[in-house]
Structures are given as C-alpha cells and as structure tokens.
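Architecture at a glance
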Amino acid sequence: MTDTSDLIGIDSLLTASEIALRTGVRDFVDAEIRPNIARWYEAGEFPLEIVPAMARLGLLGMHLEGYGCAGRSAVDYGLAALELEAGDSGLRTFVSVQGSLAMSAIHKHGSEEQKNEWLPRMAAGDAIGCFGLTEPGAGSDPGSMTTVARRDGDDWVLTGTKRWIGLASVAQVAVIWAQTTGGVRGFVVPTDTPGFTATVIGQKLSMRASIQCEITLDNVRLPAAAMLPGARGLRGPFECLNEARYGIVWGVLGAARDSYLTALDYAQQRLQFGTPLAGYQLTQQKLVNMAVEINKGTLLALQLGRLKDAGTLQPHQISLGKLNNCREAIAICREARTILGGNGITLDYSPLRHANNLESVRTYEGTDEVHTLILGQHITGIPAFH
Ligand SMILES: Cc1cc2nc3c(=O)[nH]c(=O)nc-3n(C[C@H](O)[C@H](O)[C@H](O)COP(=O)(O)OP(=O)(O)OC[C@H]3O[C@@H](n4cnc5c(N)ncnc54)[C@H](O)[C@@H]3O)c2cc1C
C-alpha cells in the first residue's frame, strides 16, 4: 500500500527502536486524544487526567538523563512530539513546557537538591512545572523584563508580573526568571508560596486544549537555595528555549501530516460535479504541495535531531528548522481546510483547529521574525534586532 505521507522512504533512516517508540505514542494519541480532542478544544479544557498515561509512556522530560527520566535520544523526543501534535498542539505543548522548559531548567541549571526534589516527581507526572519568562511588556525581548528579585537577609523576594505562562494554574512548581543586581537569574518557586497567583487567560482562539496564565508575584519570599545556581544571564533561559524550539521543529509536522491526511481522505470520498475532489488537478496540486513540504520538513527535522544527538546542533540551525517548519505547517493546515469546504470550519475535522493552534506555535519560542533575525545575523554577521 502507498504510504501517502512518507514518499521518499524517510522511515528507512530510522532505527527499529525509534519506530517502536513512535508507534507507541501514535497508539496513545489514537486511543486517548483523537476521540476527545474536539470536546476538550470546544470546552477550552486541558485534560489533566491524561498526564499519568503520558508519564507512563516516559514522555515527561524524556530526553533527560537520570532522576527518573527516560534518557531517550533527541530523535526519539522529536518523533514523540510529532505524534502528540498530530493529536493536538496543546498536548505537545504540555510535554514541551513540562520537559523542555521547566524540567530542563532544573536539570541543566539546578542544584543537586533541586534536581532530587523536583525531577523524579515531574517525570512521574506527580508534579507539574511551568516556566515564567515572558511579561506583559517583555516578549521577543526578554532582556527588558521588569520582574525583580531582591535580597533580604539570606532570602530572595520576587516582585513582578509574568504573562502567557503555560500550566501555571495547575503547576506545583514554577521556574521564574527575574532581574537581580547580578543580571537575570532563575528561581525555583513552589506555587503555594504566599504572594504567587496564577490567573488563567481566557477567550483564546488558539491552543484551547491547553492552559496559559498571567502570574503575579507579590513579594514572593524564597530561601537562598531557591536560586538556580547554574544559570547566569539570559543564556540560562535561552538554553531551555532551544530545547523546546527543537521539539517544535518536529511537532508542527504532526499537525501538518494530520491535516494533509484528513484532506486527502476527504477529497477521495467527496463527489462534486460527479467526480471525487481528489480527481481534480487543482486539488491534486494542493495535496502534492503539502506532501512535498511534509517530506522536506521531516528530513530537516531528522537532520537537526541527528546533529543534536551528536552534540553539534547550533542555535541558528534550530531557528532555521523552527522558522521553516512552522511556516510550512500552518500553510498546509490552512490549505487542507479549503479542501474540506464548509465542513472544514467545524471541529469534526482537524485542519482548522491545527491551523489555529499553529498561530500560537509560530509565536512562542521565538516568532518567525525573531528566527529570521537570528539567521540574518548568522549569515551577515550584523545583528538587526534593534
Ligand atoms: C499559547 C502561548 C503559550 C506560551 N507559553 C509561554 C510560556 O510557557 N512561558 C513563557 O515565558 N512565555 C510563553 N509564551 C509567550 C511567548 O513566548 C511570547 O508570546 C513570544 O515571545 C512573543 O512575545 P509577545 O507576544 O510579547 O510579542 P512581541 O514581542 O510584542 O511581538 C509582536 C510582533 O512584533 C514582532 N517583533 C518583535 N521584535 C521585532 C523586531 N526586532 N523586528 C521585527 N519584528 C519584531 C514579533 O515578531 C511579532 O510579530 C506563550 C505564548 C503563547 C501565545
């Protein structure tokens, strides 16, 4: 039978263990996410009840070593992200925020005590984490953040506002980035600390099956040991963002593949003017363009994954992958929606839901413009951010 999404034998570049991991996640998505996602999306609900199953699959902090984490490769992590996002970007975002942002921050920059306290519980899904970098006035330029951590005796006292922070209202722990007299530093903040408040952002038209919040930090008092000892300056959060950006390079291809396959199936069934839509040249051109970009994007993701596993992946290469794959994936989802006609605007079909989600994905972890500027600086040697 023709594999209508892998037209160039990309699977032959994967190991048996990678394919087995992918099959496991795909089965989970088919069983647990697909039957329920329209309901969750319409209700604007993140399904906390599926977290234990994701933990059992080893998806939380899956690329991290030790502390109860699965220690899988970067390619394994990418394949899992792709399958999850074929279900919904909101579910892949949960795994990214938990594993690539909150857990990575503690794993990369934390003390032994912080790692032992939080990582095993987070890998098991018993504790949820969030990552607070963005503020109402500081998005693409996190260096302009105004959240401040000041010393008071041995303690730290945090004051400020964070915005768009995934999972904050259901998290037990927050990694919060703040200005200090020594530059930007990260803090591990239990969310039940007095002065910490997370308010859910409502009325979203994108990422409805996931949670984002505004956090207020009103004189949040923390012990000296709450600071992440290994993160100094913006390099600290940026190293975590690169982990999440890498996952997105793969993840968005899942949304694209699901939209393409949905449109292909529909076009083969749906008759207009006495012929299946798939029989018209204009429709075939749409489907072919989608398949071509999915195949190119998957090769790109796999190359970045192999570089990451070899320890040589560079930030500008992640930017290239995130820029290209988000841009192509959103175009594919929108084009797939046109093939579905009027039915395509309902939650009975996935492409418009995916396209709406990808509006967020192309915005967070660096917008198209930010990644263009990173690549522009790499190519020309001239920074054009200011
Ligand atoms: C669903 C969702 C989840 C998120 N999760 C998190 C999270 O868990 N933790 C967290 O810390 N943040 C999170 N974010 C925040 C996200 O990272 C920011 O939205 C993003 O960095 C962009 O910032 P901004 O929204 O303030 O837009 P702005 O930075 O204000 O940008 C607005 C527009 O201006 C453009 N622009 C900015 N600077 C330039 C320039 N120099 N040249 C040209 N154009 C420019 C941008 O590309 C964009 O098009 C999330 C956001 C969303 C939507």
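Predicted model, so just to flag it, every value in this text is computed and none were measured.

Turning to the site of the ligand, a few remarks are in order. Neighbouring residues of the ligand: 18 residues in total, closest Thr134, Ser140, Trp164, Thr367 and Glu369. Between Gly166 and the ligand, the recorded distance is 3.0 Å, taken from a backbone N or O atom to an oxygen atom. Between the ligand and Phe385 there is a distance of 3.2 Å, counted from a nitrogen atom to a backbone nitrogen or oxygen. Starting from 980 Å² of accessible surface for the ligand in isolation, the protein chains cover 67%. Broken down by secondary-structure element, the contributors of at least two residues to the shell around the ligand are β3 (155–166) and α11 (368–380). With three residues, β3 is the largest single contributor of residues to the shell around the ligand. Per-class residue counts for the shell around the ligand are eight nonpolar, eight polar and two charged.

Our focus in this paragraph is the nonpolar core. In terms of nonpolar packing, the biggest core is built from 92 residues, with Met54 and Trp177 touching the most fellow members. For this core, the element with the highest residue contribution is helix α5 (residues 89–109), accounting for nine residues. Counting residues in hydrophobic clusters, the runner-up holds 27 residues, among them Ala255, Leu264, Ile332 and Ile339.

What follows covers the side chain of Gln114. With respect to the helices, strands and loops of the structure, Gln114 is situated in helix α6 (residues 112–123). Within the local environment of Gln114, its side chain forms a polar contact with the backbone nitrogen of Ser111, the two atoms lying 2.8 Å apart. Excluding anything up to four places from it in sequence, Gln114 contacts Ile106, Leu119, Val188, Ala225, Ala226, Met227, Leu228 and Pro229.

Moving on to the pairing of strand β5 (residues 183–190). The element β5 is largely enclosed, with a buried count of six among its eight residues. Between strand β4 (residues 173–180) and β5, which pair antiparallel one after the other, the connecting turn spans two residues.

It is worth spelling out helix α9 (residues 315–339) at this point. Compared with an ideal rise of 1.5 Å per residue, which puts 25 residues at 36 Å, α9 spans 37 Å between its outermost C-alpha atoms and is within 8% of the ideal. Looking one or two residues beyond α9, the residue adopting positive phi is Gly341, at roughly 55 degrees.

Structurally, the position occupied by His371 is in helix α11. The class of His371 is buried, set by a relative accessible area of 1%. Of the polar contacts made by the side chain of His371, one reaches the backbone oxygen of Gly366; its length is 3.3 Å. For His371, the residues in contact, after removing those within four places along its chain, are Arg245, Ser319, Lys322, Leu323, Glu365 and Gly366.

By the element assignment, Asp348 lies in the loop between α9 and α10 (351–361). Judged by its relative accessible area of 66%, Asp348 falls in the exposed class. Note: C-alpha distance between Asp348 and Ala38 (310 residues apart in sequence) is 7.3 Å.

Attention now moves to the packing of aromatic side chains. For the structure on display, the rule yields five aromatic pairs. Centroid distance Phe46 to Phe94: 5.2 Å. Interplanar angle 40 degrees. Geometry classified as tilted. Note that Phe46 is positioned in the loop between α2 (37–43) and α3 (51–56) and Phe94 in helix α5, a separation of 48 residues in sequence. In terms of burial, Phe46 and Phe94 fall into one category: buried. Over the face of the ring belonging to Trp164 we find Arg163, whose NZ or CZ atom lies 5.0 Å from the ring centre. The positively charged end of Lys308 is found above the aromatic ring belonging to Tyr246, 5.5 Å away from the centroid.

Rules of the game
- Residues numbered from 1 in each chain as written.
- Predicted model: local features only at pLDDT ≥ 70, side-chain atom pairs only at ≥ 80, totals over all residues.
- Heavy atoms only, no water.
- Near = heavy atom within 4 Å.
- Polar contact = N/O pair within 3.5 Å; in protein donor to acceptor, adjacent residues only side chain to side chain.
- Areas by Shrake-Rupley, 256 points an atom, 1.4 Å probe, with all protein chains shown as cover.
- Helix = DSSP H or I, 4+ residues; strand = E, 2+ residues; numbered from the N terminus.
- Nonpolar A, V, L, I, M, F, W, Y, C, P; charged D, E, K, R; others polar.
- Core = buried A, V, L, I, M, F, W, Y, C linked by side-chain atoms within 4.5 Å.
- Buried < 20%, exposed > 50% of the residue type's maximum accessible area, 1.4 Å probe, protein only.
- Contact = heavy atoms within 4.5 Å.
- Pairing = 2+ DSSP bridges.
- Expected span 1.5 Å × (residues − 1).
- Phe/Tyr/Trp six-rings, centres within 6.5 Å; stacked < 30°, edge-to-face > 60°.
- Lys NZ or Arg CZ within 6 Å of the ring centre and 35° of its normal.

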